[in-house]
Amino acid sequence: MGTPEEHARRTVLRAATAAGAGLALTAPQARAAAGGGGAVGSGAGGADGVPGGPLRVVPTDPRYDHLIARGASNRFRGRPERVYLVGSTAQVVRAVREAVRSGARLAVRSGGHCFEDFVDHPDITAVIDMSPMREVSFDTRRRAFVVEAGATLGEVYRKLYLGWGVTVPAGYHAEVGAGGHVPGGGYGPLCRLFGLVSDHLHAVEVVVVDREGETRAVVATRERDDPHRELWWAHTGGGGGNFGVVTRFWFRSPKATDRTDPGRMLPVPTRTALTFTADWSWEGLDEERFTRMVRNHGQWAERHGAAGDRSAALYAEFALTRRAAGAHMLLGQVAAEPGEDRRLLDGFLGAVCAGTTRPGALKVRRLPWLTAALRGSGEAVGDWHIKIKSAFLRRRLTDRQIAVVHRHLTRADTGVIAGSVVLNTYGGAVNALPPSATAMPHRDSVLKLSCLASWTEPEQAPEYLAWIRECYRDLFTDTGGVPVPGETADGAFINYPDTDLADPRWNTSGTPWQTLYYKGNHARLRAVKARWDPRDIFRHALSVRPARPTASPAGKS
């Protein structure tokens, strides 16, 4: 199992990097670089990545165990009757059609970074695995970059940057799949500079099922005259697995005016990135110093969370860990020119440390931008059971909330080692858009908070789950155990969903989780759902429900 310090270090890094993951039920994407407009026939897509597919993998197939174990959390293991491996839009259409006609309960997997049981659930009898669909190219017809939903963020970064010198402001973890990340909004180290990844989404291809049970692929764009525009909008933060199976994304920045040079159609990162890690030992860090440090960090985020702020190039994840883990950790990167990057970092560290303890260890490296992007936090997800609960914060944690964090990190009545509260810088360019511009409404937040618990043995689950739920509840005890929009906090789960929000034992606020997360966009999302998934084929514990009664949902309930 390793030492407590090793366990905790890997865990807090995983918590921070996992925040770039998307909503769980993912979206796929097809093979061809050029797609049609409007409705696309079942033959959309190029050469099949899975010859003769979709390939049906059943429990007797030696590949089956690998495919059902691709989830990141390890808390859940489903046993579907079949897993479809798909290599094109046409294959996805055939797989969805077959699953629906057979009455199967359907789920979709892209990168496998869902921390709840949306895919790995006992009711799921058919899973569409998008991992063979990994193309990243430039579509000369649409004048936009096309990304298949099975591509990982690392593959997207590598191909966009080496091919054209551009990127998208997506997550910190290179192994996250695009299929779930993009529809969930998608944020990462460059979001304060360039906004969310979904802010650059030009079009999306989705395999949908109509009221009569017919399956087809549809392309929806952000163009104002596109009759399918609302379907595009729903995939800019409405979450994967809600409206259909996404097969392809097209990216072009809304402000890109040059339609001839691909190198001017997406953000251009700096040549280098200054990466940093800093550690604060628990030894000698009393509650007063701890409080001052966390307060300082939050005040910096408040001062520098507006759109256009000069410090938007700095992104940091502050992991406050259990005393048993030994040390707190601050890590991140600065995407600015040499000299300016160090000035921003020094100013940030100086603000965090003002009047309190300086880090015992600080490591700073200037790396080529792509090297830094592919490295992320420098840690793999690992073989842990994971639970995450999170929130968007419009302001820093109050002193009362900091005291709650300190108490849960130091309490001696639990054996939890790998428990942490992580504070990620947010805002900047994300806050430049109004809440209704995309389906992601959180456009006034300056921090993203994550409570994390991670363990190795199934029998440890009750203790770790109790710790994280109690910590989160106590942080927001004034608003019923969840962050109800108000004066100090705003939000609910981030990209990774948390089914506790729908559980009255842990959400006693009386506010539905849909209001906590989608806010004013929920009714609009329900209307999209009613049009494009009227039979509620694509559903899970936290899915958007149609705006009107459905007609005999297919599959098992």
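Cut-offs and rules
- Residues numbered from 1 in each chain as written.
- Predicted model: local features only at pLDDT ≥ 70, side-chain atom pairs only at ≥ 80, totals over all residues.
- Heavy atoms only, no water.
- Pairing = 2+ DSSP bridges.
- Helix = DSSP H or I, 4+ residues; strand = E, 2+ residues; numbered from the N terminus.
- Axes fitted to C-alpha atoms, helices over the stretch in contact; angles between N-to-C directions.
- Contact = heavy atoms within 4.5 Å.
- Salt bridge = Lys/Arg side-chain N within 4 Å of Asp/Glu carboxyl O.
- Buried < 20%, exposed > 50% of the residue type's maximum accessible area, 1.4 Å probe, protein only.
- Disulfide = S-S within 2.5 Å.
- Expected span 1.5 Å × (residues − 1).
- Parallel < 35°, antiparallel > 145°, perpendicular 65-115°, else oblique.
- Left-handed = near helix turned anticlockwise from the far one by under 90°.
- Nonpolar A, V, L, I, M, F, W, Y, C, P; charged D, E, K, R; others polar.
- Core = buried A, V, L, I, M, F, W, Y, C linked by side-chain atoms within 4.5 Å.
- Phe/Tyr/Trp six-rings, centres within 6.5 Å; stacked < 30°, edge-to-face > 60°.

What follows covers the sheet that holds strand 11 (residues 272-281). The strand order 14-11-13-12-16-17-15 describes an open sheet built from 7 strands, whose pairing is antiparallel. Across the chains shown, the open sheet's two edge strands, defined by having one partner strand only, are strand 14 (361-368) and strand 15 (385-393). With direction set aside, neighbouring strand axes in the sheet form an average angle of 15°. Sheet topology note: the strand 12 (residues 314-321)/strand 16 (residues 419-425) ladder contains 5 bridges and is antiparallel. From the neighbouring strand, T321 faces strand 16, where its bridge partner is S420. On the sheet, helix 8 (residues 287-303) packs against strand 11, strand 12, strand 13 (327-334), strand 16 and strand 17 (447-455) and is oriented at approximately 155° with respect to strand 12. Of the strands in this sheet, strand 11, strand 12, strand 13 and strand 14 are in contact with helix 9 (residues 340-353), which crosses strand 11 at around 20°.

One side chain can pair with another of opposite charge once the charged atoms of both are near each other. Within the structure shown, the criterion is met by 33 salt bridges. Residues R79 and D65 are paired through a salt bridge, measuring 3.7 Å at the closest nitrogen-oxygen approach. You can see R79 sitting in the loop between helix 2 (64-68) and strand 3 (82-85) and its partner D65 sitting in helix 2, a full 14 residues away along the chain. Using a relative accessible area of 48% as the deciding quantity, one classes D65 as partly exposed. Connected through shared salt-bridge partners, E116, K387, K389, R469, D498 and D500 make up one network.

Where two cysteines share a covalent bond between their sulfur atoms, that bond is called a disulfide. Considering all chains together, one arrives at 0 disulfides under this definition. In this structure C451 is not part of a disulfide, and its nearest cysteine sulfur, from C471, lies 4.2 Å away.

Let us look at the pairing of strand 6 (residues 136-139). As paired strands, strand 6 and strand 7 (residues 144-148) are joined by 4 bridges and run antiparallel to one another. Across the sheet, residue V136 finds its bridge partner in strand 7, namely V147. Here strand 6 hands over to strand 7 after 4 residues, with R143 in that stretch at a positive phi of 55°.

Backbone-to-backbone hydrogen bonds join strands into a sheet, with any given pair of strands oriented parallel or antiparallel. Spatially, the 4 strands line up as an open sheet ordered 2-3-5-4, and their pairing is mixed. Two strands close off the open sheet at either side, each with one partner strand: strand 2 (55-57) and strand 4 (106-109). Going across the sheet, the axis of each strand differs from the next one's by a mean of 25°, ignoring polarity. Examined bridge by bridge, strand 3 and strand 5 (residues 126-129) share 4 bridges and lie parallel to one another. Bridged to V83 within strand 5 is V127.

The end-to-end C-alpha distance of helix 8 is 24 Å, a good match for the 24 Å that 17 residues give at a rise of 1.5 Å each. Listed in full, the buried residues belonging to helix 8 are F290, T291, M293, V294, N296, H297, G298, W300 and A301.

At a minimum axis distance of 10 Å, the contact between helix 8 and helix 11 (residues 399-410) shows a crossing angle of 125°. Comparing their axes, helix 11 and helix 8 come out oblique. The handedness of the crossing between helix 8 and helix 11 comes out as right-handed. The residues of helix 11 that touch helix 8, namely those facing E287, F290, T291, V294 and R295, are D399, I402, A403, V405, H406 and L409. Its residues assigned to classes, the contact of helix 8 with helix 11 comprises 6 nonpolar, 2 polar and 3 charged.

Before going further, it helps to spend a moment on the environment of T425. Examined against the element boundaries, T425 turns out to sit in strand 16. For T425, a relative accessible area of 1% gives the class buried. T425 has contacts with R192, W300, L314, Y315, A316, V446 and L447, leaving out every residue within four places of it along the chain.

Going from G53 to P54, the amide bond is cis rather than trans, its omega being 5°. The topology assignment puts P54 in the loop between strand 1 (39-40) and strand 2. A positive phi is found at R143, a non-glycine position, where the angle reads about 55°. Structurally, R143 can be placed in the loop between strand 6 and strand 7. The backbone of D536 shows a phi angle near 55°, a positive value even though the residue is not glycine. Mapped onto the fold, D536 is located in the segment after helix 14 (522-532). Residue class for D536 comes out buried when judged on its relative accessible area of 1%.

If you look at the biggest cluster of nonpolar residues, it comprises 66 residues, and the most contacted ones within it are Y157, L160, V168, L231, F249, F251 and L525. Those residues within four positions of V168 in sequence are excluded, and the remaining contacts are V156, Y157, L160, V197, F251 and L266. Listed in part, the 51 residues of the second largest apolar core include A301, A351, L449 and F476.

With that out of the way, let us pick up the packing of helix 8 against helix 9. Geometry of a packed helix pair, given as the angle between the helix axes and the separation of the axes. In the contact formed by helix 8 and helix 9, the axes pass within 7 Å of each other and the chain directions differ by 135°. As far as their axial angle goes, helix 9 and helix 8 are oblique. Residues M293, N296, H297, W300 and R303 of helix 8 form the contact with helix 9, whose own contacting residues are F348, A351, V352 and C353. Counted by class, the contact of helix 8 with helix 9 contains 6 nonpolar, 2 polar and 1 charged residues.

In this structure the tally under the stated criterion is 15 aromatic pairs. Ring geometry for Y187 against Y426: centres 5.7 Å apart, planes inclined by 85°, an arrangement best described as edge-to-face. Here Y187 is found in the loop between helix 5 (178-181) and helix 6 (191-194), whereas its partner Y426 is found in the loop between strand 16 and strand 17, with 239 residues between them in sequence. Residue class for Y187 comes out buried when judged on its relative accessible area of 1%. Look at Y426 and you get buried, because its relative accessible area is 1%. When the ring of W300 is compared with that of F348, the centres are 4.7 Å apart and the planes differ by 65°; the resulting orientation is edge-to-face. Pair noted here: W300 is in helix 8 and F348 is in helix 9, with a separation of 48 residues, a long-range link. Taking the relative accessible area as the measure of exposure, W300 reaches 4% and is therefore buried.

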